[in-house]
Amino acid sequence: MRFRDSTRMILGAVLSNRGKSLLTALGIGVGIAAVTLLTSLGEGLQHYLLGQFSQFGTRIIAINPGKDITQGLGGIISSTKPLSLGDAESLRLLPGIERVVPVVQGAGAVEYGNRERKGDILGVGSDMPSAWQFRVAMGRFLPDDQSGRSRSYAVLGHTMKTELFGASNPLGQNIRIGGLRFRVIGVIEEKGQMLGFDMDDIVYIPTDKALQLFNREGLMEIDVTFGPSHSSTRIAERVTQRLLERHGEEDFTLTSQDEMLATMNKVLQILTIGVAALGGISLLVGAIGIATIMTITVGERTAEIGLLRSIGSSRRQVLILFLGEAVLMSVLGGLLGLLILTVVLSAIKLAVPGLPFALNPIYLIAAIVVSGLIGLVAGVVPARKAAQLDPVDALRTE
Amino acid sequence: MIELRQLCRDFLVGDQTVHALDHLDLNIDKGEYLSVMGPSGSGKSTLLNMLGLLDKPSAGEYLLNGTATSGLKEEQRASLRGGHIGFVFQSYHLIPRLNARENIELPLVLAGVAPKLRQPRVDELLARLDLVDRAEHIPNQLSGGQRQRVAIGRAIVMEPDLLLADEPTGNLDSKSGLEVVTLLEELNAGGITLLVVTHDENMGARARRRLHMIDGAISRDWQTDSAESKSILTAKPPTGKPLTQKTDGKAPGEF
Ligand SMILES: Nc1ncnc2c1ncn2[C@@H]1O[C@H](COP(=O)(O)OP(=O)(O)O)[C@@H](O)[C@H]1O
Ligand SMILES: [Mg+2]
C-alpha cells in the first residue's frame, strides 16, 4: 500500500466521525496545553529568579558570623567571635581576592532639613560598587579611608535621593542619620526591586561609622570577590584558612554565589519537572481517551476489518491503518493543544502582564512529536487487536 | 485448479465439536460454474471461506493449482486473496464512508497499484456495471442491487481467477437478484471460475454443475443441461464482452 493512500484512508476514517475524533483529540489537546503552559511557567520562574540572584555577579563569596551546623552538644554553647573590620582587612591580602566589602545593615530615619525618610542604612566599604556591580550615577562613592577613621560621607540610593532632595542637587549637602551628620558625596543609579525589596531606598555610609551608629561589635557580612582565573572552592579554602588562624575555630559560614545559584537552579528544575508531571496527568487521561475510543472503533468496524482481510489486506496493513488513526487523532490533539495554549497565553498576558513566561519554540515541535508518540502508545493495543482478528469471525459480525 | 482432499473443519462450541466440513473431497476445474445448495448450517459458507483462503482446515489438504496451501505464510495467503480470489457477500460489506468508485478501487489501493493505472480500470468497471452516474454515491445512497454490483466490481477489479459468492442475491428482490446472477454468469463466460451459494432453486439450477451439501459433506454433485434449465427460466443467455480477461497469465499459487 502506498504511503499517500494509507494517509488518505486514515484521514478519511478519522474525518468520517468528526465529533468523536474532535473530542478525543481535545483530551490530548488539554494535556499538551497544560504541560507546555506549566513547563514554560516553571522555566520562566527559574530564569527570573536566577537573573535576580546573579545580578551581583557570580564570583562572590559571602562570609557570615556563626556556624549553622551545631557539632554535638558543645556546638550549642559555642562562643562566636564577631567578624571584625580587621578580619576584612586581612582577607584583602589573600592572593586571588579582588574586592572585600564589610557589611553592616540597619534601618533608621534619614533627615535633610525638615524632611525625613525611613530607610535602610548600609555600612559598606569603598569596594562596594565594583563588588556588587553597582554604578554611581552622580558624584562619587565612599573613599578608601583608613579603617576606623573614615570621614562622615554618605551615598544615597535613588529613592532616598528623590524623597529627600526632589530634583535639587544633593551633592555637598549635609544630612542626619541617627543624630550623626553626614555629607552627601554621591548617588547610586536606580536599581529597582529585587524580590520585592526596594534597593533604592537606601543610604550607604562607611562601615566603621555604621558600627558606631548601631552600637554593634561585629560585621553582619563580609563579601569577597575573586578573579576569573580562580575557582570559588580554592578561594573559599584560603578564606577559611585565614579566618581560622584569626579566630581559632570555625565560627563563620561561607556561601559562594555560584554554588548557591547551582543549588537553586537544581531545586527550580525539579520544581519545573514536578509541575510538568502534574500537567502530564491530564496528558495521561487524554491517552486513555484515545485507547478507549480506538477500542470502541475496532469493535464497531470489525466487519470492515474482515472485509479488508478478504480483499487482500495483511495483518500488518490493518495494524498500520488503525495505529495511523490513533496517531492522527493524537497529533490533531497536539495542534489543538497549541491553539489552546496560544489563547490561554494571550489571556494571561493581558491579565498579568509581568508574569515571567519562557515559551521555548522547541516546545511547540516537542508537543507535536510527543502527541504523536502518545497516539502510537495508546493505539498499539487496539490496533493489534484489530490485526489479530480472525477474518471469518470478523466478517460474521454485523 | 482446486483440489480438496479429506478436508475437515471443526468448531469447538462449548465442549462440543461441530464438524462444519467433514472429510470433504472436491475437484474444481478452471472456468467451471458451480452452485452450492443445502440446508442452513450444512457448511456452505465454511466451504467458501476455505476455498477463499480466509479459513484454515482442521485436517486434510487444499491444493490450489497443485500447491498445498497449508504451507503458505499469512502474507502469501493475503496476497493470494487480494490478487486471485474475489468474494461477494450477501450483506455486500461495502465501506460506508467510501463512495462506489472508492469501494471498487479498494483492492487496487491495498495492493499498491499506482493511481494512474487504477483510474481507467475503475472507470471501465463502473461503465460495465452501469454505475457511472452512481460513482460518487456512498452505499447508503444506493439500492440493494446497486450495492451488490459495486461489491462485484470490487471482487473483480484485481481480475481474479476464482469468484466466490455466498448467497449474493439473499438480500435482493427477484429482479435485482437476476441481474446480479446474470452479471456473475457473464464473468464466468469470460473465463473466471464461479461458485455461488444459494437458497434459490431457480438460481441453483442455472449452474452447469451443482453441489448439494448436508452435514459438512457433499451429498450430491451433478452436471446439468444448462441450456435446458435456462430456457425454462427464459433468462437471456450470457452475452456481451467478457469482463475478465487475464492478460498476465498468472494463476493462483504462482508467486
Ligand atoms: N465460528 C464458528 N464457531 C462455531 N461454529 C461455527 C462457526 N462457524 C460456523 N460454525 C458452525 O458450522 C456449521 C456450518 O456453518 P456454515 O458454514 O455457516 O453453514 P451454512 O453456510 O451452510 O449455513 C454450523 O453448524 C455452524 O453453526
Ligand atoms: Mg452461510
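All values reported here derive from a predicted model rather than from experimental measurement. (Residues numbered from 1 in each chain as written. Chains lettered and ligands numbered in written order. Predicted model: local features only at pLDDT ≥ 70, side-chain atom pairs only at ≥ 80, totals over all residues. Heavy atoms only, no water.)

1. Quick notes on the interface of chain B and chain A
For step 1, the next point in the chain: Of the residues lining the interface, 25 residues belong to chain B; the matching set on chain A comes to 26 residues.
For step 2, the next point in the chain: For the pair chain B and chain A, the summed buried area comes to about 2,200 Å², and 59% of that belongs to carbon and sulfur atoms.
For step 3, the next point in the chain: Of all residues in chain B, H93, R97 and L110 of chain B give up the largest surface area on contact with chain A, accounting jointly for 31% of the area buried on that side.
For step 4, the next point in the chain: Across the contact surface, chain B and chain A share three salt bridges. (Contact = heavy atoms within 4.5 Å. Buried area = accessible area lost by both parts, 1.4 Å probe. Salt bridge = Lys/Arg side-chain N within 4 Å of Asp/Glu carboxyl O.)

2. Structural notes on the sheet that holds strand β5 (residues 67-68) of chain B
Residue and element names in this part refer to chain B.
For step 1, the next point in the chain: Spatially, β2-β1-β4-β5 is the arrangement adopted by the four strands of the open sheet, whose pairing is antiparallel. The sheet terminates laterally at β2 (16-28) and β5, the two strands that pair on one side only.
For step 2, the next point in the chain: As defined by bridge partners, strand β1 (residues 2-13) adjoins strand β4 (residues 59-64) across five bridges and the pair is classed as antiparallel. Its bridge partner lying in β4, R5 is registered against E61. (Pairing = 2+ DSSP bridges. Helix = DSSP H or I, 4+ residues; strand = E, 2+ residues; numbered from the N terminus.)

3. Section: the pattern of salt bridges
For step 1, the next point in the chain: The full count for this structure, using the stated rule, is 32 salt bridges over all chains.
For step 2, the next point in the chain: In this structure, E74 of chain B and R81 of chain B form a salt bridge, with 3.3 Å as the shortest nitrogen-oxygen distance.
For step 3, the next point in the chain: Of the charged contacts in the structure, one is a salt bridge between R101 of chain B and E136 of chain B, with a shortest N-O distance of 3.8 Å. With a gap of 35 residues between them, R101 of chain B in helix α3 (residues 100-110) and E136 of chain B in the loop between α4 (115-128) and α5 (144-156) connect regions that are remote in the sequence.
For step 4, the next point in the chain: Taking the relative accessible area as the measure of exposure, E136 of chain B reaches 53% and is therefore exposed.
For step 5, the next point in the chain: Residues joined in a network through salt bridges with shared partners are E89, R92, R99 and D127 of chain A. (Buried < 20%, exposed > 50% of the residue type's maximum accessible area, 1.4 Å probe, protein only.)

4. Regarding the domain arrangement of chain A
Put simply, an interface is often sized by how much accessible area is lost when its parts join up.
For step 1, the next point in the chain: In terms of domains, chain A is made up of domain 1 (3-52 + 263-396) and domain 2 (81-250).
For step 2, the next point in the chain: With centres defined by C-alpha atoms, the gap from domain 1 of chain A to domain 2 of chain A works out at 57 Å. (Domains from an automatic or database assignment.)

5. Points about the layout of surface pockets
For step 1, the next point in the chain: The space that makes up the largest pocket amounts to roughly 770 Å³.
For step 2, the next point in the chain: Taken together, 29 residues form the lining of the largest pocket, with R396 of chain A together with S45, T46, N49 and D166 of chain B sitting closest to its centre.
For step 3, the next point in the chain: Listed by contribution, the elements that provide at least two residues to the lining of the largest pocket are α12 (391-396) of chain A together with β1, β2 and α1 (44-51) of chain B.
For step 4, the next point in the chain: Estimates place the volume of the second largest pocket at around 650 Å³.
For step 5, the next point in the chain: Contributing elements (two or more residues each) for the lining of the second largest pocket: β1 (60-65), β2 (97-112), β10 (202-206), β11 (221-226) and α8 (257-300) of chain A.
For step 6, the next point in the chain: At four residues, the largest contribution of residues to the lining of the second largest pocket is made by β1 of chain A.
For step 7, the next point in the chain: Considered class by class, the residues forming the lining of the second largest pocket number 16 nonpolar, four polar and two charged. (1 Å grid on protein atoms, 1.4 Å probe; cavity = no way out; pocket = protein on both sides within 12 Å on 5 of 7 lines; lining within 4 Å. Points joined across faces, edges and corners; volume = space filled by probe spheres on them. Nonpolar A, V, L, I, M, F, W, Y, C, P; charged D, E, K, R; others polar.)

6. Details of α4 of chain B
For step 1, the next point in the chain: Taking 1.5 Å as the rise per residue, α4 of chain B with 14 residues should run 20 Å; its terminal C-alpha atoms sit 20 Å apart, in good agreement.
For step 2, the next point in the chain: Buried within α4 of chain B are the following residues: R118, R121, V122, L125 and L126 of chain B. Projection of α4 of chain B onto a plane perpendicular to its axis shows the buried side chains occupying an angular sector of 135°, all on one side.
For step 3, the next point in the chain: For α4 of chain B, the secondary structure elements touched by its buried residues are α1 (3-16) of chain A together with α3 and α5 of chain B.
For step 4, the next point in the chain: Downstream of α4 of chain B by one or two residues, D130 of chain B has phi in the positive range, about 60°. (Expected span 1.5 Å × (residues − 1). Arc of directions from axis to C-beta.)

7. Considering the packing of helix α10 (residues 315-351) of chain A against helix α11 (residues 361-388) of chain A
Residue and element names in this part refer to chain A.
For step 1, the next point in the chain: One can describe the packing of α10 onto α11 by two numbers: an axis separation of 6 Å at closest approach and a directional angle of 150°. Classed by the angle they form, the pair α10 and α11 counts as roughly antiparallel. In this structure, the crossing between α10 and α11 has a hand that is right-handed.
For step 2, the next point in the chain: Taken together, the residues that form the contact of α10 with α11 break down as 19 nonpolar, seven polar and two charged. (Axes fitted to C-alpha atoms, helices over the stretch in contact; angles between N-to-C directions. Parallel < 35°, antiparallel > 145°, perpendicular 65-115°, else oblique. Left-handed = near helix turned anticlockwise from the far one by under 90°.)

8. Here's the deal with the packing of aromatic side chains
For step 1, the next point in the chain: Enumeration according to the criterion identifies four aromatic pairs over all chains in this entry.
For step 2, the next point in the chain: Where W132 of chain A meets F134 of chain A, the ring centres are 5.9 Å apart and the plane angle is 65°; that geometry is what we call edge-to-face. As far as burial versus exposure is concerned, W132 of chain A and F134 of chain A are alike and both buried.
For step 3, the next point in the chain: Here the aromatic rings of F87 of chain B and F89 of chain B are separated by 5.7 Å at their centres, their planes lie at 5°, and the arrangement is stacked.
For step 4, the next point in the chain: The ring of F134 of chain A carries the charged tip of K191 of chain A above its face, separated from the ring centre by 4.3 Å. (Phe/Tyr/Trp six-rings, centres within 6.5 Å; stacked < 30°, edge-to-face > 60°. Lys NZ or Arg CZ within 6 Å of the ring centre and 35° of its normal.)

9. Some thoughts on the site of ligand 1
For step 1, the next point in the chain: For ligand 1, the set of nearby residues contains 14 residues, the closest of which are R396 of chain A together with G41, K44, S45 and T46 of chain B.
For step 2, the next point in the chain: Ligand 1 sits at the junction of chains A and B, each of which supplies nearby residues.
For step 3, the next point in the chain: With respect to ligand 1, the backbone of K44 of chain B contributes an N or O atom lying 2.9 Å from an oxygen atom.
For step 4, the next point in the chain: Between ligand 1 and S45 of chain B, the relevant distance is 2.7 Å, taken from an oxygen atom to a side-chain nitrogen or oxygen of the residue.
For step 5, the next point in the chain: Summarising the interface, the protein chains cover 74% of the accessible area of ligand 1, which totals 550 Å² for the free molecule.
For step 6, the next point in the chain: Of all the cavities here, the one that holds ligand 1 is the largest pocket.
For step 7, the next point in the chain: Of all the elements in the fold, those that place two or more residues in the shell around ligand 1 are α12 of chain A together with β1, β2 and α1 of chain B.
For step 8, the next point in the chain: Sorting elements by how many residues they give to the shell around ligand 1 places α1 of chain B first, with three residues.
For step 9, the next point in the chain: By residue class, the composition of the shell around ligand 1 is five nonpolar, six polar and three charged. (Near = heavy atom within 4 Å. Polar contact = N/O pair within 3.5 Å; in protein donor to acceptor, adjacent residues only side chain to side chain. Areas by Shrake-Rupley, 256 points an atom, 1.4 Å probe, with all protein chains shown as cover. Sits in = over half its atoms within 2 Å of the grid points.)

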